[in-house]
Amino acid sequence: MIVLGVESSCDETGLALYDTQRGLLSHALHSQVAMHEEYGGVVPELASRDHIRRAIPLLEQTLAQAGVTLSEVDAIAYTEGPGLAGALLVGASIACALGLAADKPVLGVHHLEGHLLSPLLAADPPAFPFIALLVSGGHTQLMRVDGVGQYTLMGETLDDAAGEAFDKSAKLLGLGYPGGPAISRLAEFGDPSAYKLPRPMLHSKDFNFSFSGLKTAVLTVVKNHHEKVIANICEQDKADIARGFVDAIVDVLTAKCVSALKHSGLKRLVIAGGVGANAQLRASLDAAAAARKFRVFYPELEFCTDNGAMIAFAGAMRLLINPQAAQKDYAFNVRPRWPLDDIKVV
Ligand code: KG4
Ligand code: ZN
């Protein structure tokens, strides 16, 4: 079975073809980062318009790369939510229009399920069950995953998501959007003992997170600096602050993963979502895994952030469980807010 995946929930347009026999056949992605950069964040209306421009050329590229025609595709999966309403509507309407034109069934996929299952696209995929840490721009959740559609939420952020904390702190340090990769690179040059920032909820004895205080701590450090404004702070001091921030967030994420593994008795940890690309987080989790004898699985770097491959894959997994999940009524709907709990397979 060949599934075409269409991702358009935020600022990346992703198309991909996944074959349940042969694996990922091809994928193509366009990132809108350069377009949104000058505004310091994603502008929803611009995002929607750009998805419209990019989707069909990316589809043609994906089909050509795989040597597959639309008539050979068995189903079309699109991101139904959560995400930006307008951006989601573009992907949903394109998927349904293609479905109608080519007489193919379509199904809506949960974006976070795509992220959660993305490590299964790697060469050495984890077996179920596992603990998953989902760390994206909009979500931070710890989950127990017993199979496709078998997700139990163990804890989540009470305020900002991890990616949001990276982005907001990076902005405070005068770095561009998205700030995650930039603050991470800067932190490499920072002195770990220069600024000790708080580790929110490190000892809370649950699996929840809170990151808004960390961003405030970064702001306080900047305000208390003798230069007062970030533009005047020297590069080394900026790097030291970045290091203080990254060390704090990585410590909390690592500690919560370790306690979730301990609590569940499981020995496999999966990291999904954009922040999963973070080098310091990977190093910290790898060290914890070696010390505590568990395994960590990451998606391929290119599949950490949003992409079409994870949507094609999640769609294919859904269809293996229930071939009726894809329909030909083309009455599409999008769900900008959509709890992952809603998609349990019972
Ligand atoms: O999963 P994703 O592409 O989109 C959402 O579904 O939200 O995640 C985007 C988030 C952004 O906040 C971005 O700053 C963060 O992931 N991110 C990183 C890194 N790469 C992306 N954060 C820290 N270090 C990175 N290397
Ligand atoms: Zn995402």
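Look above for the structure.
Bear in mind the structure is a predicted one, so any value in this text is a computation, not a measurement.

Caption draft 1: Molecular detail of the side chain of His115. By secondary structure assignment, the location of His115 is in helix α4 (residues 111–117). Take His115: its relative accessible area is 1%, and that puts it in the buried class. Within polar-contact distance, the side chain of His115 engages the side chain of His111 at 3.0 Å. Contacts of His115, omitting those with residues within four sequence positions, involve Leu134, Ala272, Gly273, Cys304, Thr305, Asp306 and Met310.

Caption draft 2: Summary view of the environment of Leu173. Its location among the elements puts Leu173 in the loop between α5 (162–172) and α6 (179–187). According to the relative accessible area criterion, Leu173 is buried, its value standing at 0%. In this view, Leu173 contacts Ile183, Val218, Val222, Ile230, Lys238, Ile241 and Ala242; residues no more than four positions away in its chain are not counted.

Caption draft 3: Representation of the pairing of strand β1 (residues 2–7) within the structure. In terms of burial, β1 is largely enclosed, as 6 of its 6 residues are buried. Residues Ile2, Leu4 and Val6 point to one face of β1 and Val3, Gly5 and Glu7 to the other, with burial holding for every one of them. Judged from the 6 bridges that link them, β1 and strand β2 (residues 12–19) form a sheet pairing that is antiparallel. In the sheet register, Val6 faces β2, and the bridge partner there is Leu15. Here β1 hands over to β2 after 4 residues, the two strands then running antiparallel side by side.

Caption draft 4: Geometry of the site of ligand 1. Near ligand 1 lie 19 residues; those nearest to it are Gly137, Asp167, Gly274, Asn278 and Asp306. For ligand 1, an oxygen atom lies 3.2 Å from a polar atom in the backbone of Gly163. Asp306 is positioned with one of its backbone polar atoms (N or O) 3.1 Å from an oxygen atom of ligand 1. For ligand 1, the protein covers 87% of the area, taking 560 Å² as the surface of the free molecule. For the shell around ligand 1, the elements supplying multiple residues, two or more each, are α4, α5 and α6. For the shell around ligand 1, the leading source of residues is α5, giving 3 residues.

Caption draft 5: Up close: the packing of aromatic side chains. Evaluated as defined, the whole model comprises 4 aromatic pairs. Plain terms: the ring middles of Phe128 and Phe130 are 5.4 Å apart, the flat faces sit at 20° to each other, and that makes the pair stacked. By relative accessible area, Phe128 is classed as partly exposed at 32%. Relative to Phe245, the ring of Phe166 has its centre 5.2 Å away and its plane inclined at 90°; by these criteria the two rings are edge-to-face. Of this pair, Phe166 sits in helix α5 while Phe245 sits in helix α8 (residues 235–264); the two residues are 79 residues apart in sequence, bridging distant segments of the chain. For the residue pair Phe166 and Phe245, the accessibility class agrees, reading buried in each case. Taking the ring centre of Trp338 as reference, the NZ or CZ of Arg335 above it sits at 4.5 Å.

Caption draft 6: Spotlight on the coordination of the zinc ion (ligand 2). Binding of the zinc ion (ligand 2) to the protein goes through His111 (NE2), His115 (NE2) and Asp306 (OD), at separations of 2.0 to 2.1 Å. Every donor counted, the 4 donor atoms about the zinc ion (ligand 2) form angles of 93 to 136° at the centre, which fits irregular coordination. When the donors of the zinc ion (ligand 2) are listed by position in the chain, the intervening gaps give H-x3-H-x190-D. Linking His111 in helix α4 with Asp306 in the loop between β10 (295–297) and α10 (308–321), this pair joins segments that are 195 residues apart in sequence. Residue His111 is classed as buried on the basis of its relative accessible area, which comes to 7%.

Caption draft 7: Region of interest: the layout of surface pockets. Space inside the second largest pocket adds up to approximately 380 Å³. Put simply, the parts of the chain that give the lining of the second largest pocket at least two residues each are β4 (75–81) and β5 (106–110). Considering each element in turn, the lining of the second largest pocket owes the most residues, 5 residues, to β5.

Caption draft 8: Broad picture of the packing of α6 against α8. Running from N to C, α6 and α8 cross one another at 110°; their axes reach a closest spacing of 7 Å. Classified by the angle their axes make, α6 and α8 are roughly perpendicular. Note that α6 runs across α8; the crossing there is left-handed. Across the interface between the two elements, Ile183, Ser184, Leu186 and Ala187 of α6 pack against Glu235, Lys238, Ala239, Ala242, Arg243, Phe245 and Val246 of α8.

Procedures and definitions
- Residues numbered from 1 in each chain as written.
- Chains lettered and ligands numbered in written order.
- Predicted model: local features only at pLDDT ≥ 70, side-chain atom pairs only at ≥ 80, totals over all residues.
- Heavy atoms only, no water.
- Helix = DSSP H or I, 4+ residues; strand = E, 2+ residues; numbered from the N terminus.
- Buried < 20%, exposed > 50% of the residue type's maximum accessible area, 1.4 Å probe, protein only.
- Polar contact = N/O pair within 3.5 Å; in protein donor to acceptor, adjacent residues only side chain to side chain.
- Contact = heavy atoms within 4.5 Å.
- Pairing = 2+ DSSP bridges.
- Near = heavy atom within 4 Å.
- Areas by Shrake-Rupley, 256 points an atom, 1.4 Å probe, with all protein chains shown as cover.
- Phe/Tyr/Trp six-rings, centres within 6.5 Å; stacked < 30°, edge-to-face > 60°.
- Lys NZ or Arg CZ within 6 Å of the ring centre and 35° of its normal.
- Donors = N, O, S within 2.8 Å, 3.2 Å for Na, K, Ca; no water.
- Tetrahedral: all angles 85-135°; square planar, octahedral: opposite > 155°, others 65-115°.
- 1 Å grid on protein atoms, 1.4 Å probe; cavity = no way out; pocket = protein on both sides within 12 Å on 5 of 7 lines; lining within 4 Å.
- Points joined across faces, edges and corners; volume = space filled by probe spheres on them.
- Axes fitted to C-alpha atoms, helices over the stretch in contact; angles between N-to-C directions.
- Parallel < 35°, antiparallel > 145°, perpendicular 65-115°, else oblique.
- Left-handed = near helix turned anticlockwise from the far one by under 90°.

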